[in-house]
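# A structural walkthrough
Below, each chain spelled out in residue letters.
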Amino acid sequence: MLFQTHYRLVGDRSPERAKELMALFMERGESPGEIAHYIHVDGTGGTVITENSDVAELHDVAMAYSRFMEFEILPVRKAEEAVTDILKHFG
């Protein structure tokens, strides 16, 4: 299943805290099933697209980074896959 995870940075934005976050990221690497990772240009957070069969993987990532970020995790479908169902109900 595809998931779109939006994260928002929380807490102070000191150089020390940024170093802690980057160290954690280097330790953990990419999120399980990561397809793409985009950083919001306003500096407030980012968006990660993953494909996971077990939501526990996403929960683990959220818990690991929870002192630095707040998360919104949404299951998503590719538009071309969803169109048939949309047309069935609204076409």
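Now for a look at the structure at hand.

Conventions adopted
- Residues numbered from 1 in each chain as written.
- Predicted model: local features only at pLDDT ≥ 70, side-chain atom pairs only at ≥ 80, totals over all residues.
- Heavy atoms only, no water.
- Core = buried A, V, L, I, M, F, W, Y, C linked by side-chain atoms within 4.5 Å.
- Buried < 20%, exposed > 50% of the residue type's maximum accessible area, 1.4 Å probe, protein only.
- Contact = heavy atoms within 4.5 Å.
- Helix = DSSP H or I, 4+ residues; strand = E, 2+ residues; numbered from the N terminus.
- Polar contact = N/O pair within 3.5 Å; in protein donor to acceptor, adjacent residues only side chain to side chain.
- Axes fitted to C-alpha atoms, helices over the stretch in contact; angles between N-to-C directions.
- Parallel < 35°, antiparallel > 145°, perpendicular 65-115°, else oblique.
- Left-handed = near helix turned anticlockwise from the far one by under 90°.
- Nonpolar A, V, L, I, M, F, W, Y, C, P; charged D, E, K, R; others polar.
- Salt bridge = Lys/Arg side-chain N within 4 Å of Asp/Glu carboxyl O.
- Expected span 1.5 Å × (residues − 1).
- Arc of directions from axis to C-beta.
- Pairing = 2+ DSSP bridges.

Now for the nonpolar core. Counting residues in each nonpolar core, the largest one holds eight residues, listed as Tyr 7, Leu 21, Leu 24, Val 48, Val 61, Tyr 65, Phe 68 and Met 69. Excluding its chain neighbours within four sequence positions, the residues that come into contact with Leu 24 are Ala 64, Tyr 65 and Phe 68.

For the rest of this paragraph, the subject is the side chain of Thr 50. By the element assignment, Thr 50 lies in strand S3 (residues 45-51). Polar contacts involving the side chain of Thr 50 include one to the side chain of Asn 52, which spans 2.7 Å.

Turning to the packing of helix H1 (residues 15-28) against helix H2 (residues 55-65), a few remarks are in order. Across the interface, H1 lies against H2 with an axial gap of 11 Å and an inter-helix angle of 150 degrees. Put simply, H1 runs roughly antiparallel to H2. The chirality of how H1 crosses H2 is right-handed. Mapping the contact onto sequence places Leu 21, Leu 24, Phe 25 and Arg 28 in H1 and Asp 60, Val 61, Ala 64 and Tyr 65 in H2. Of the residues belonging to the contact of H1 with H2, the class tally is six nonpolar, no polar and two charged.

Under the counting rule described, the total for this entry stands at five salt bridges. Of the charged contacts in the structure, one is a salt bridge between Glu 70 and Arg 8, with a shortest N-O distance of 2.7 Å. Pair noted here: Glu 70 is in strand S4 (residues 69-76) and Arg 8 is in strand S1 (residues 2-9), with a separation of 62 residues, a long-range link. A salt bridge links Arg 77 to Asp 85; its shortest N-O distance comes to 2.7 Å.

What follows concerns H1. Under the 1.5 Å per step criterion, the end-to-end length of H1 is 20 Å for 14 residues, consistent within 8% with the ideal 20 Å. Among all positions in H1, only Arg 17, Leu 21 and Leu 24 are buried. End-on view of H1: buried residues confined to an arc of 60 degrees, all on one side of the axis. Turned more than 90 degrees from where H1 packs its buried face, Pro 15, Glu 16, Lys 19, Met 26 and Glu 27 sit exposed. One or two steps after H1, the chain reaches Gly 29, where phi turns positive at roughly 75 degrees.

With that out of the way, let us pick up the sheet that holds strand S2 (residues 34-39). Remark on secondary structure: sheet strands pair via backbone hydrogen bonds, oriented parallel or antiparallel. Reading across the sheet, the four strands line up as S2-S3-S1-S4 and stay open at both edges, with antiparallel pairing between neighbours. For this open sheet the edge positions go to S2 and S4, each flanked by a neighbour on one side alone. Pairs of neighbouring strands in the sheet enclose a mean axial angle of 15 degrees, with direction left out of account. Sheet strands in contact with H2 are S1, S3 and S4, and its direction is about 165 degrees off that of S4.

Read these as geometric descriptors, not functional statements.
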